[in-house]
Amino acid sequence: MSTPQPDAARPSGAGPDEDRVTPDGLLHARTGTDVSPEDLVLAAGRDLTEENLEWARRKLAAEGPAALDKLLP
């Protein structure tokens, strides 16, 4: 049984530039829709409790939709 080579999964014609990491500035976490407190709680990995929802409401009031962007890549 042969072991796979590191480049075995690379499509033919794929150059070394295709292995680059996407810069953070090009990654988008949101779809352009409104951010709800529930979205923020779940993105933070917290349970949907009234205490956590209140935390999310305060955070959204202070930071706006950018609060979600700070939690997600």
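Treat the numbers as computed from the prediction; the structure is a model and nothing was measured. (Residues numbered from 1 in each chain as written. Predicted model: local features only at pLDDT ≥ 70, side-chain atom pairs only at ≥ 80, totals over all residues. Heavy atoms only, no water.)

Peer 1: Now, about the nonpolar core: what can you tell me, with residues and values included?
Peer 2: If you look at the biggest cluster of nonpolar residues, it comprises 9 residues: Val-35, Leu-40, Val-41, Leu-53, Trp-55, Ala-56, Leu-60, Ala-67 and Leu-68. Mapped onto this core, the elements with two or more residues apiece are α1 (37–43), α2 (50–63) and α3 (66–71). Ranked by residues supplied to this core, first place goes to α2 with 4 residues. (Core = buried A, V, L, I, M, F, W, Y, C linked by side-chain atoms within 4.5 Å. Buried < 20%, exposed > 50% of the residue type's maximum accessible area, 1.4 Å probe, protein only. Helix = DSSP H or I, 4+ residues; strand = E, 2+ residues; numbered from the N terminus.)

Peer 1: Please set out the pattern of salt bridges residue by residue, giving values where relevant.
Peer 2: When charged atoms on two side chains of opposite charge get close, those side chains can pair. For the coordinates displayed, the defined rule picks out 4 salt bridges. Note that Arg-57 is salt-bridged to Glu-50, the shortest N-O span being 3.0 Å. Using a relative accessible area of 34% as the deciding quantity, one classes Arg-57 as partly exposed. Its relative accessible area of 54% is what places Glu-50 among the exposed residues. The partner of Arg-57 in a salt bridge is Glu-54, with the nearest N and O atoms 3.4 Å apart. One end of the pair is Arg-57 and the other is Glu-54, both in helix α2 and 3 residues apart, which spans about a single turn. One connected set of salt bridges, linked through shared partners, spans Glu-50, Glu-54 and Arg-57. (Salt bridge = Lys/Arg side-chain N within 4 Å of Asp/Glu carboxyl O.)

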